[in-house]
Amino acid sequence: MSQDYEVVIGMEVHAELAAESKVFCRCRTEFGAPPNSQTCPVCLGMPGALPVLNKKALEHTMRAALALNCTIAEYSKFDRKNYFYPDLPKAYQISQYDLPIGRDGYLDIDVDGKAKRVRIRRVHLEEETGKSVHAGDDIISATQSLMDFNRCGIGLMEIVSEADIRSADEARAYLSKLRSVLLAVGASDCKMEEGSMRCEANVSVMPVGAKEYGTLVELKNIASFRAVHRAIQYESARQIQLIEAGGRVTRETRHWDDAKGQTAFMRSKEEAHDYRYFPEPDLVPLLIDRSWVEEMRRNMPELPDAKAARYAREWGLPQCDAAQIADSAALAGFFEATVALHPDGREAAKWLLGDVSAALNATGIELSASKLTPEHLAEMLKMIASGMISGKIAKSVFEETFNSGAAPAKVVEERGLSQISNTSELEAVIARVLEANPGPVADYAAGKERAITFLVGQVMKETRGRANPGEVNRILKEKLSH
Amino acid sequence: MRLCERTAHDLRGMLVRGEVTSREITESVLDQIGKVEEKIGAYLTITPEQALAQADAADARIRAEQGNRCGGQCGGVGRGGDDATGQAPGILGIPVAMKDNICTRGIRTTCGSRMLENFVPPYDATVVKKLRDAGAVIIGKTNMDEFAMGSSTENSAFHITRNPWDCQRVPGGSSGGSAAAVAAGEAIMALGTDTGGSVREPASFCGVVGVKPTYGRVSRYGVVAFGSSLDQVGPLAKDVEDAALLLGVLAGLDGCDSTSVPKPVPNYASALDRGIKGLSIGVPTELFGAGLDPRVRKLVEDGISAMEGRGARTVQVSMPHAEYALAAYYIVATAEASSNLARFDGVRYGHRAAGSEDITSLMKRSRSEGFGAEVKRRIMLGTYALSSGYYEAYYAKAMKARTLLKRDLEAAFEICDVLVSPTVPFLPFKIGEKFDDPLSMYLADVYTTTANLTGVPAISVPCGLSDGLPVGIHLVGRLFDEETLFSAARALEEACGVARMRPPAACGCGDVEEGRNGR
Ligand SMILES: [Zn+2]
């Protein structure tokens, strides 16, 4: 990117609420149910049907807003956002226009070890739309389109940031942190692949030091964290190139084509909808009781930042390791369960971020779905600490446990892997090794201290790694010095 | 008197005493429909088989309840018997007609529109469910102005309804079918919906009682929305007592409508005989000015004097913002309607234009074909009023007028208990007379819209005939104080002596012109 420009980004994130029923009716929200099996007159917008707010949806939104350090409105209301679309049964979406549930919050992110605060403009609650299914290869060649309204009316949170983000890296960090916060409070399952978390980026560029932002372009259809990064990089480069070539950025909405790796024109500002917002008369305004907000604040789960600080304090973890574990609800839960059984946080963290993460990545398994349990890890850490197995053996024990789910102690026992610290047993092996390797023994005697490493290696090889390396070193030195 | 001409409370007494069966009442009503419906055109759908089955079920329930109450020994129970089981049994076995914008499971609900010509709702509106639970007999679905937009029932996409007092004239609207059905004995009582006067105006034109309850008193669930913040379901009945009886069944909190209010429902029937001695009746000077037909004024003033004769006190009150009510109403109602009616797009139900190539043309053509002129006019008005450049100038301003009207009323109710005025400033007009002049038609709602904008309850009670045409007095009460309203209305009804006015069409009226039928 050219040195002379600064990228300015604001993010709009939509997250489906992790509620069992829809926001204005009692229909279920299970993902992947047969089309239109989770609908009723209300979410189908049948004539005469009326919405009734589900208190759980409001709670989820409030919890998310509190976690994002927002002020919770005392008086809020719903509005209608009017537009025609086949998957929008009432031809309006119930949303919030000028009085969102939460406003003026912030989210702290960390990019390359640098802390940064992104302000949150608003958090509001609205309803999901249905889904068009096009019969055919694509929307153009489809001979007919079918409607699935299962998703229609699921509670949706919109989280809008201020234009505080300055790079694609920051945008990705923001999303990832937002996701961990929403997961921590249980407001959404944030599955981008199932569409339960979606984002749009408002991107503009301006000369470094400029007072006024450039013309912003809205990027839609971004379906993964990786795509966010690529889309912003592409789009900011496009805008800079355009300006440098003497052109002007126009206010428009662009679509991110992940396969082609580029953004494409979708519509201009002139074509933008007039949504004709007005207060939703079918829902009474929300008067949010302060004591309810305070109670909710008191009962907030520990958020990732606080959790990371605690891990660093209690277990002496390096800040970045602590944050990495705390940001993932799955890792954090596993970590806490493990240290409850074996109080060595540093070792537990090392394993979780090392071998465990590597194995998960390699197999594509989620931690929650893997056969590995905190009991397993704790057991292994105990065996290492007691000297029963070496770190090296532990790696192969772990591999077996991870793949089969067998308890580590059992693996060690069945495969005879426990460490040999027994002096007489070791002495016998060492005697054999010394006899078989007169060369290195002579080298050592001649002052080449490094020759001992070879001899230790031979002992380990003889014992298939089970020998206690400390003991081997001690005995070897003793024998060789005679 | 034939059964179909009697009131519900009359019939109830007869049912309880075993003098008559619900089947006999229902047959009488169906028989009357057979005689006069061709002239009146009150209905869009009549469900005789279902009605008779419901009547038989009601008869069985009446027999069972009598057996329970007195072991079959005593002769019967009077009105007081209601208290033991609540108000619901008050309409057990009574034939009721329903405006066709109220969803009835399995019975088509057209809203008087081609758009919903074949729409059969998969569910009952809450008010329908309440009527069914109370054992009412549902006779059919009544004609109405399309999507409740109009004051004459000439805007129905299917046929016009005639005023039983003069078949050349309109019955009022938009609940014209319900009002005409009750007046002509084609139903004992009926449900209407009132967004700006749609129950009270036809009640006034047809010489029956019509109530617009407090907003939030009756669930709107299953009532096809016109102006959501204004709509209320209300009873149309032959007298005040029947109206009170029916409202008692309809009222109450509904978990399916978050604008319905969790207030206990009083026993309206027991409020009827409170009398009006000492009641302070406010006469808003602004509502007796220009534009009021002197014949209407005369009857209304006589009615007010009659109330004074029964011990009420009248005071002059001022409604300084009353002149803005109609304009504010037409902004709010059309704005909400433009949004509420957007769902009729031909995608999921209702009319779908044939041969469209893409979704935009499908929606455009379905709506162009499905909606009538008045509906389109209002959708356009409302869309305009809400569009981003005009929101402040129209919608926001109308909301401010609404607030001012609320304050006017609060100030008025500091010095009086009930407000009185004509219901409509003119007599029932001729079919076609105002049809091509929507603005003059809108004036029919000039006295009634304030109650919808402010949520207060209101009632129209017949106060006499002028040139053989009924005139209604309009009473407005405090929020949730339907009881005072009913007691005042009852006194007025007695004082005016018109509780049992019978229109000529109930037995047969003159030649029927083709008029705008088949339009
Ligand atoms: Zn539903």
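Quick look at the structure, then. (Residues numbered from 1 in each chain as written. Chains lettered and ligands numbered in written order. Predicted model: local features only at pLDDT ≥ 70, side-chain atom pairs only at ≥ 80, totals over all residues. Heavy atoms only, no water.)

**Looking at the coordination of the zinc ion**
Residues and elements named next belong to chain A. Surrounding the zinc ion are the protein donor atoms Cys25 (SG), Cys27 (SG), Cys40 (SG) and Cys43 (SG), which sit 2.3 to 2.4 Å from the metal. In this structure, the zinc ion is coordinated by four donor atoms arranged in tetrahedral fashion, with angles at the metal of 100 to 115°. Site description for the zinc ion: donor spacing in sequence, C-x1-C-x12-C-x2-C. When its relative accessible area of 19% is taken as the criterion, Cys40 is described as buried. (Donors = N, O, S within 2.8 Å, 3.2 Å for Na, K, Ca; no water. Tetrahedral: all angles 85-135°; square planar, octahedral: opposite > 155°, others 65-115°. Buried < 20%, exposed > 50% of the residue type's maximum accessible area, 1.4 Å probe, protein only.)

**Side note on the packing of helix α5 (residues 304-315) of chain A against helix α7 (residues 329-341) of chain A**
All names here are of chain A. Where α5 meets α7, the closest approach of the two axes is 12 Å, and the angle between their N-to-C directions is 25°. Judged by the inter-axis angle, α5 sits roughly parallel to α7. By crossing handedness, the relation of α5 to α7 is classed as left-handed. Of the residues in α7, those in contact with Lys307, Arg310, Tyr311 and Trp315 of α5 are Ala332, Phe335, Glu336 and Val339. The residue makeup of the contact of α5 with α7, split by class, is five nonpolar, no polar and three charged. (Axes fitted to C-alpha atoms, helices over the stretch in contact; angles between N-to-C directions. Helix = DSSP H or I, 4+ residues; strand = E, 2+ residues; numbered from the N terminus. Parallel < 35°, antiparallel > 145°, perpendicular 65-115°, else oblique. Left-handed = near helix turned anticlockwise from the far one by under 90°. Contact = heavy atoms within 4.5 Å. Nonpolar A, V, L, I, M, F, W, Y, C, P; charged D, E, K, R; others polar.)

**Here we look at empty space enclosed by the protein**
Residues and elements named next belong to chain A. Summed over the entire model, instances satisfying the criterion amount to four cavities of 30 Å³ or more. Roughly 80 Å³ of internal volume is contained in the second largest cavity. Looking at the second largest cavity, it is lined by 13 residues, and the ones nearest its centre are Phe24, Val42, Cys43, Lys90 and Glu127. (1 Å grid on protein atoms, 1.4 Å probe; cavity = no way out; pocket = protein on both sides within 12 Å on 5 of 7 lines; lining within 4 Å. Points joined across faces, edges and corners; volume = space filled by probe spheres on them.)

**Observations concerning the layout of surface pockets**
All names here are of chain A. By volume, the second largest pocket is sized at about 1,600 Å³. Around the second largest pocket, the lining comprises 44 residues; the ones closest to its centre are Ser176, Arg179, Gln324, Asp327 and Ser328. Examining the composition of the lining of the second largest pocket, we find that eight residues originate from one element, helix α2 (residues 168-184), more than from any other. Its residues assigned to classes, the lining of the second largest pocket shows 21 nonpolar, ten polar and 13 charged.

**Quick notes on the pattern of salt bridges**
When charged atoms on two side chains of opposite charge get close, those side chains can pair. One pass over the full model with this rule turns up 62 salt bridges over all chains. For A:Glu128, the salt bridge goes to A:Arg151, with nearest N and O atoms at 3.7 Å. Taken together, the residues A:Glu128 in the loop between β7 (114-127) and β8 (131-135) and A:Arg151 in the loop between β9 (144-148) and β10 (155-161) connect sequence positions 23 residues apart. In this structure A:Glu128 comes out as buried when scored by relative accessible area, which is 2%. The partly exposed category is assigned to A:Arg151, whose relative accessible area is 24%. We note a salt bridge from A:Arg310 to A:Glu336, for which the minimum N-O separation is 2.7 Å. Here A:Arg310 is found in helix α5, whereas its partner A:Glu336 is found in helix α7, with 26 residues between them in sequence. What makes A:Glu336 partly exposed here is its relative accessible area of 28%. The network of salt bridges with common partners includes A:Arg80, A:Glu280, A:Asp282, B:Arg220 and B:Asp257. (Salt bridge = Lys/Arg side-chain N within 4 Å of Asp/Glu carboxyl O.)

**Observations concerning α5(A)**
Residue and element names in this part refer to chain A. For α5, spanning twelve residues, the distance from its first C-alpha to its last is 16 Å, which sits close to the expected 16 Å at 1.5 Å a residue. Listed in full, the buried residues belonging to α5 are Pro304, Lys307, Ala308, Arg310 and Tyr311. Around the axis of α5, the buried residues are gathered within 165° of arc, so they sit on the same side. On the buried face of α5, the contacting elements are α2, α6 (319-327) and α7. (Expected span 1.5 Å × (residues − 1). Arc of directions from axis to C-beta.)

**Re the packing of helix α1 (residues 55-67) of chain A against helix α4 (residues 290-298) of chain A**
All names here are of chain A. Their axes nearest at 10 Å, the elements α1 and α4 cross at an angle of 65°. Handedness of the α1/α4 crossing: right-handed. Each of Lys55, Leu58, Glu59, Met62, Arg63 and Leu66 in α1 lies in contact with α4, whose residues at this interface are Trp292, Val293, Met296 and Arg297. The residue makeup of the contact of α1 with α4, split by class, is six nonpolar, no polar and four charged.

**Side note on the packing of aromatic side chains**
Residues and elements named next belong to chain B. Throughout the structure, instances matching the rule amount to 25 aromatic pairs over all chains. Ring centres of Phe205 and Phe429 lie 5.8 Å apart, and the angle between their planes is 85°; this geometry places the pair in the edge-to-face category. Taken as a pair, Phe205 in helix α7 (residues 200-206) and Phe429 in the loop between β9 (418-422) and α15 (438-442) lie far apart in primary sequence, 224 residues in all. The pair formed by Phe205 and Phe429 is uniform in burial state, with each residue classed as buried. (Phe/Tyr/Trp six-rings, centres within 6.5 Å; stacked < 30°, edge-to-face > 60°.)

**Some remarks on the side chain of B:Glu374**
All names here are of chain B. Locating Glu374 in the fold gives a position in helix α13 (residues 373-386). Using a relative accessible area of 7% as the deciding quantity, one classes Glu374 as buried. A distance of 2.5 Å separates the side chain of Glu374 from the side chain of Arg377, its partner in a polar contact. Here Glu374 is in contact with Met149, Asn155, Pro438 and Tyr442, once residues within four sequence places are set aside. (Polar contact = N/O pair within 3.5 Å; in protein donor to acceptor, adjacent residues only side chain to side chain.)

**Remarks on the sheet that holds strand β13 (residues 252-257) of chain A**
Residues and elements named next belong to chain A. Taking strand neighbours across the sheet as the criterion, the nine strands line up as β2-β6-β7-β10-β1-β11-β12-β13-β14 in an open arrangement whose pairing is mixed. A single partner strand is all that each edge strand has here, and the edge strands are β2 (71-72) and β14 (262-268). In the sheet, strand β1 (residues 5-16) pairs with strand β11 (residues 197-207) via eleven bridges, with the strands oriented antiparallel. Among the inter-strand pairings, Val8 is bridged to a residue of β11, identified as Ser204. Against the sheet, helix α3 (residues 225-244) contacts β1, β11, β12 (217-222), β13 and β14, and its axis sits at roughly 25° relative to β11. (Pairing = 2+ DSSP bridges.)

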